[in-house]
Amino acid sequence: QVQLVESGGGLVQAGGSLRLSCAASGSIFRINFMGWYRQAPGKQRELVAVITSNASTNYADSVKGRFTISRDNAKNTVSLQMNSLKPEDTAVYYCNAGVLTITGVRLYYWGQGTQVTVSS
């Protein structure tokens, strides 16, 4: 079993910054990728950013130049630095990881979500 625990959400004014963090633990052999998704009320969950084990990154167009994803492979953590936040960034943010477990099973895991609210 693998657990993802997020932290760092909260309320911020437009133009402000927040940093989200996610730590993975459990029966992990290797984490192939880690990423962040978000879901606003009434909308589908969407990819925000993803980073592979060799630090290759991909961002949603709406956050390019404002958000930065990073990871620490040794600690199995991923962070999302969010700058120049806009009200439309308001959503529940979910950590996601593609994991190869110690039993050789490849699975996707999700965190419980953390609320980010950007006021105008």
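Look up: the structure comes first, before these words.
Counting restarts for each chain, with residues numbered from 1 along the sequence as it is written. Local features in this predicted model are restricted to residues of pLDDT 70 or higher, and side-chain atom pairs are both shown and tallied only at a pLDDT of 80 or more, whereas totals for entire chains, interfaces and linings draw on every residue. Side-chain numbers here rest on the full set of heavy atoms in the structure, without hydrogens or water.

Enquirer: Hey, could you go over the sheet that holds strand 3 (residues 18-26) for me, with residue numbers and the actual values?
Expert: Between any two strands, pairing holds if DSSP finds at least two bridges. The helix and strand labels rest on DSSP assignments: H or I over at least four residues marks a helix, E over at least two residues marks a strand, and numbering proceeds from the N terminus. With antiparallel pairing, the four strands of this open sheet are ordered in space as 1-3-8-7. Two strands in the sheet have a free side with no partner beyond their single neighbour: strand 1 (2-7) and strand 7 (67-72). Sheet twist, expressed as the mean angle between neighbouring strand axes with direction ignored, is 15°. Where strand 7 meets strand 8 (residues 77-82), six bridges bridge the pair, whose relative direction is antiparallel. Directly across from isoleucine 69, in strand 8, lies its bridge partner leucine 80. Angles shown run from 0 to 180 degrees and are taken between the N-to-C directions of axes, each axis being a line fitted to C-alpha atoms and, for helices, limited to the stretch in contact.

Enquirer: Would you mind going over the packing of aromatic side chains in detail, with residue names and values included?
Expert: For Phe, Tyr and Trp, where Trp contributes only its six-membered ring, two rings pair if their centres lie within 6.5 Å, and the inter-plane angle classes them as stacked under 30 degrees, edge-to-face over 60, or tilted in between. Within the structure shown, the criterion is met by two aromatic pairs. Between tyrosine 37 and tryptophan 110, the ring centres sit 5.0 Å apart and the planes meet at 65°, which makes this aromatic pair edge-to-face. One end of the pair, tyrosine 37, is in strand 4 (residues 28-39); the other, tryptophan 110, is in strand 10 (residues 106-110), with 73 residues separating them in the sequence. Relative accessibility thresholds used throughout: buried, under 20% of the residue-type maximum; exposed, over 50%; partly exposed, between the two (1.4 Å probe, protein chains only). The partly exposed category is assigned to tyrosine 37, whose relative accessible area is 24%.

Enquirer: So what's going on with the pairing of strand 11 (residues 114-119)? Residues and values would help.
Expert: Every second residue of strand 11 is oriented toward a common face, the buried set being Thr114, Val116 and Val118 and the non-buried set Gln115, Thr117 and Ser119. Sheet topology places strand 2 (residues 10-13) next to strand 11; four bridges connect them, and they run parallel. Across the sheet, the residue bridging to leucine 11 is threonine 117, located in strand 11. Of the pairings in the sheet, the one linking strand 9 (residues 91-101) to strand 11 comprises three bridges and is antiparallel in character. Paired with tyrosine 93 across the two strands is threonine 114, which belongs to strand 11.

Enquirer: I'd like to hear about unusual backbone geometry, residue by residue, with values.
Expert: Backbone geometry places asparagine 76, a non-glycine residue, at a positive phi of 55°. With respect to the element layout, asparagine 76 can be found in the loop between strand 7 and strand 8. Taking relative accessible area as the criterion, asparagine 76 reaches 21% and is therefore assigned partly exposed. The phi dihedral of serine 84 is positive, around 50°, even though this residue is not glycine. If you trace the backbone, serine 84 turns up in the loop between strand 8 and strand 9.

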